[in-house]
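So you can see what is in the structure, the chains are spelled out below.
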Amino acid sequence: MKKLVMIFVLSLASSFAFSQNAASISEAQLKTGKSNGVYEFSVPESITSEKVDAVKGYYKDYFSVAFNESTDVLKVTLLKNEESNLNVVNRLLVALDLRTISVGGENLTFQDMKDKYLK
């Protein structure tokens, strides 16, 4: 019985340790971003300037990244408003452990968000 309880506790703890964070963006911001190539994602407080600075350099050929830690807004500005550059935004979000995006209360993967709002 002790082993079962211990297994349950460990599995519960590991599920919290690997929980995924979600970024959020409104439909209006997606429409604006589609036309001007600027996307502003609200991110959880667990995202810090240090985390953003550690990964943003890898994507400088595709977009610029600005992060306001006081408002928790991650601003991504595409260098060229092209689909290929937009696809790389997903890599940035995954590098920050943001695997879902909330749009109007609906949690979507990046691909689903792109298909639904940016095609």
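Since the model is a prediction, treat every value here as computed from it, not as a measurement.

Cut-offs used in this document
- Residues numbered from 1 in each chain as written.
- Predicted model: local features only at pLDDT ≥ 70, side-chain atom pairs only at ≥ 80, totals over all residues.
- Heavy atoms only, no water.
- Salt bridge = Lys/Arg side-chain N within 4 Å of Asp/Glu carboxyl O.
- Helix = DSSP H or I, 4+ residues; strand = E, 2+ residues; numbered from the N terminus.
- Buried < 20%, exposed > 50% of the residue type's maximum accessible area, 1.4 Å probe, protein only.
- Phe/Tyr/Trp six-rings, centres within 6.5 Å; stacked < 30°, edge-to-face > 60°.

Novice: Summarise the pattern of salt bridges; cite the residues concerned and give the values.
Specialist: In the structure shown here, the tally under the stated rule is six salt bridges. Between Asp-53 and Lys-56 there is a salt bridge, and its shortest N-O distance comes to 3.5 Å. Here Lys-56 and Asp-53 lie together in helix α3 (residues 49–56), a separation of three residues that amounts to about one turn. For Lys-56, a relative accessible area of 32% corresponds to the partly exposed category. Across the pair Arg-99 and Asp-97 runs a salt bridge, and its minimum N-O distance is 3.4 Å. Judged by relative accessible area, which is 28%, Asp-97 ranks as partly exposed. Through salt bridges with shared partners, a single ionic network connects Glu-83, Lys-114, Asp-115 and Lys-119.

Novice: Quick rundown of the packing of aromatic side chains? Include the residues and the values.
Specialist: Geometry of an aromatic ring pair is reported as the spacing of the ring centres plus the angle between the planes. Across all of its chains, the model carries two aromatic pairs by this definition. Between the aromatic rings of Tyr-58 and Tyr-59, the centroid separation amounts to 6.4 Å while the plane-to-plane angle is 70°, which identifies the pairing as edge-to-face. For Tyr-58, a relative accessible area of 64% puts it in the exposed group. You can call Tyr-59 buried: its relative accessible area is 10%. Ring centres of Tyr-59 and Phe-63 lie 5.7 Å apart, and the angle between their planes is 15°; on these two criteria the pair is classed as stacked. In terms of burial, Tyr-59 and Phe-63 fall into one category: buried. Members of the aromatic cluster, connected to one another through ring pairs, are Tyr-58, Tyr-59 and Phe-63.

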